Amino acid sequence: MKGGIEWRDLSDGDMERDPSRSAKITDVTCHVVGGNFPWNVITVETDAGVTGVGEAFNGPISEHVEYLRPGLVGENPYDVERLEEHMTQLLSGLGGGVGYSQAAVSGIETALWDVVGKLTGLPVYQLLGGKFRDEVRIYCDCHAGEHLDAGSGKAFEAYDPEAYADAAADVVDEGFDALKFDLDVAAGDADTATRRLSNAAVQHKVDVVAAVRERIGDEPALAFDLHWNFTVETALRIARELEAYDLAWLEDPVPPENADAHRRVTEGTSTPILAGENLTRVETFLPYLTEGAMDVAAPDIQKCGGLAEFRRVAALADAVDVPVTPHNVSSPIGTVASVHACASVPNAFVLEWHARDVDWWDDLYEGAPLIEDGRITVPEGPGLGLDIDVDAYNERLAAGEEPIDL
């Protein structure tokens, strides 16, 4: 009882365990690194001489980590899933199951898995139950820049369909067989507050998709993102016009709060509809999956609750025959954590990579490039199995951040 109220206490209490697994957490910190997004690198220190690393989704995570720290110091890092629930309970007054609260839980939970892997000598995927694949397919989230015609020297607008086609061809030449573009781009005058589009604006989107598909052919998996911007009516107009182009998915066509709106779009088109990056924990995915509101689920492992919570979402999705393709805008730490998670479930068919424009992304770790021919090999080393370059991360810390110490 706390303050006369029955309190769901998930702290260690008097639980017993073998002395060989008596490690304790001594500190938990967050370090913000300035990537193409603010990357929140989480460290969990222990009295066993091992420090784990994880990553949380971008946003004001440091305050949530600091709030959680007193409730974690002294806890046993081996109890990863208990501590996930413990953190969510501690954050219940701050919306513990959603938003930045759950992103903080996600980053710490990943770092805990890294700790346990380092202490046991096992890779994280093995701790999660084993792997279904040796490598994880990666899709490149890419953008179309200004297009310059080589013959005439004429510069086209950045959103010209040929600019998309050029960028797509470059990405395929780099070895990727899966790619995605944003499709919620300006196309003339529009009253965007209504979330409806004119016929000309819809046609521009069709022209973009047609140009890319014509350039790269039928085989590469091709997807487009609408970023929650449209009404059901406009989303259906776009999706139906794109049915001929065999898209892997059309992403987030309507705002994420309404499962019924998603269901209406999903049921109204043969274009696969993907959603989920703004949902957290398995219970929020429940209506979307059980009511047929998404064809593909895209939990963000750095936001949804962590690796174990992702596996719960993936299991629910698999029960209703829905594949998962996690959203990922992370540094190498979060990306490799996501690789371990994807390897551990049967229905993860591709993972996002959103750092093609970060030319120093590969400098953040030691060894050969992670991505080879559009795939990342699942690491076999202890924990995450990623030999990060701490100095390279520290060189890119946000202003005022304390250095990462591993």
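Computed from a predicted model, the values in this text were never measured in an experiment.

Regarding the state of the cysteines
Here, the word disulfide means a covalent bond between the sulfur atoms of two cysteines. By the definition in use, this model includes zero disulfides. Free cysteine Cys140: the closest other cysteine sulfur is in Cys142, separated by 4.7 Å. In this structure Cys342 is a free cysteine whose sulfur lies 11 Å from that of Cys304, the closest cysteine sulfur available. Accessibility expressed as a relative area gives 1% for Cys342, which makes it buried.

Considerations on the packing of aromatic side chains
According to the stated counting rule, one finds eight aromatic pairs in the structure shown. Measuring from centroid to centroid gives 5.1 Å for Tyr139 and Trp249, while their planes differ by 75°, and the two rings are edge-to-face. Taken together, the positions of Tyr139 in strand S4 (residues 135-142) and Trp249 in strand S9 (residues 249-251) put the pair 110 residues apart, joining distant regions of the chain. Taken together, a centroid distance of 5.5 Å and an interplanar angle of 75° make the contact between Trp353 and Trp361 edge-to-face. Each member of the pair Trp353 and Trp361 is classed as buried. Linked through ring pairs, Phe176, Trp353, Trp361 and Tyr365 together constitute an aromatic cluster. Over the face of the ring belonging to Phe57 we find Lys303, whose NZ or CZ atom lies 3.9 Å from the ring centre. Its guanidinium or amino end placed over the ring of Trp360, Arg396 lies 4.3 Å from that ring's centre, counting from NZ or CZ.

Regarding the sheet that holds strand S2 (residues 38-46)
As summarised here, the arrangement of the three strands in space is S1-S2-S3, forming an open sheet in which the pairing is antiparallel. Taken across any chain shown, the strands that pair with only one partner, and hence form the sheet edges, are strand S1 (25-34) and strand S3 (51-56). With strand direction ignored, the average angle separating the axes of adjacent strands in the sheet is 20°. Of the strand pairs in this sheet, S1 and S2 are connected by nine bridges, and their pairing is antiparallel. What sits directly across from Cys30, in S2, is Ile42. Docked against the sheet, helix H1 (residues 62-72) engages S1 and S2, running at close to 170° with respect to S1.

Quick look at the nonpolar core
Formed by 120 residues in total, the largest nonpolar core has its most connected members in Ile108, Phe181, Phe224 and Leu250. Considering every element that reaches this core, the biggest residue donor is helix H3 (residues 99-120), with nine residues. Apart from the residues lying within four places of it in its own chain, the contact partners of Phe181 are Cys142, His143, Ala144, Tyr164, Ala167, Ala168, Val212, Leu222, Ala223, Phe224 and Asp225. Judged by nonpolar contacts, the second largest core, of nine residues, contains Ala178, Ala223, Ala248 and Val296.

A closer look at helix H5 (residues 161-173)
A rise of 1.5 Å per residue sets the reference length of H5, with its 13 residues, at 18 Å; its end C-alpha atoms lie 19 Å apart and thus fit the reference within 8%. Of all the residues in H5, the buried ones are Pro161, Ala163, Tyr164, Ala165, Ala167, Ala168, Ala169 and Val171. Backbone geometry just after H5 places Gly175 at a positive phi near 110°.

Let's talk about the pattern of salt bridges
Per the counting criterion, the structure on display carries 27 salt bridges. The closest approach of N and O atoms between Arg17 and Asp79, which form a salt bridge, is 2.7 Å. With Arg17 in the segment before S1 and Asp79 in the loop between H1 and helix H2 (80-90), this pair connects stretches of sequence that are 62 residues apart. For Asp79, a relative accessible area of 17% corresponds to the buried category. Close ionic contact of Asp177 with Arg375 constitutes a salt bridge, the shortest N to O distance being 3.1 Å. Linking Asp177 in the loop between H5 and strand S7 (178-182) with Arg375 in strand S14 (residues 375-377), this pair joins segments that are 198 residues apart in sequence.

Rules and cut-offs
Residues numbered from 1 in each chain as written. Predicted model: local features only at pLDDT ≥ 70, side-chain atom pairs only at ≥ 80, totals over all residues. Heavy atoms only, no water. Disulfide = S-S within 2.5 Å. Buried < 20%, exposed > 50% of the residue type's maximum accessible area, 1.4 Å probe, protein only. Phe/Tyr/Trp six-rings, centres within 6.5 Å; stacked < 30°, edge-to-face > 60°. Helix = DSSP H or I, 4+ residues; strand = E, 2+ residues; numbered from the N terminus. Lys NZ or Arg CZ within 6 Å of the ring centre and 35° of its normal. Pairing = 2+ DSSP bridges. Axes fitted to C-alpha atoms, helices over the stretch in contact; angles between N-to-C directions. Contact = heavy atoms within 4.5 Å. Core = buried A, V, L, I, M, F, W, Y, C linked by side-chain atoms within 4.5 Å. Expected span 1.5 Å × (residues − 1). Salt bridge = Lys/Arg side-chain N within 4 Å of Asp/Glu carboxyl O.

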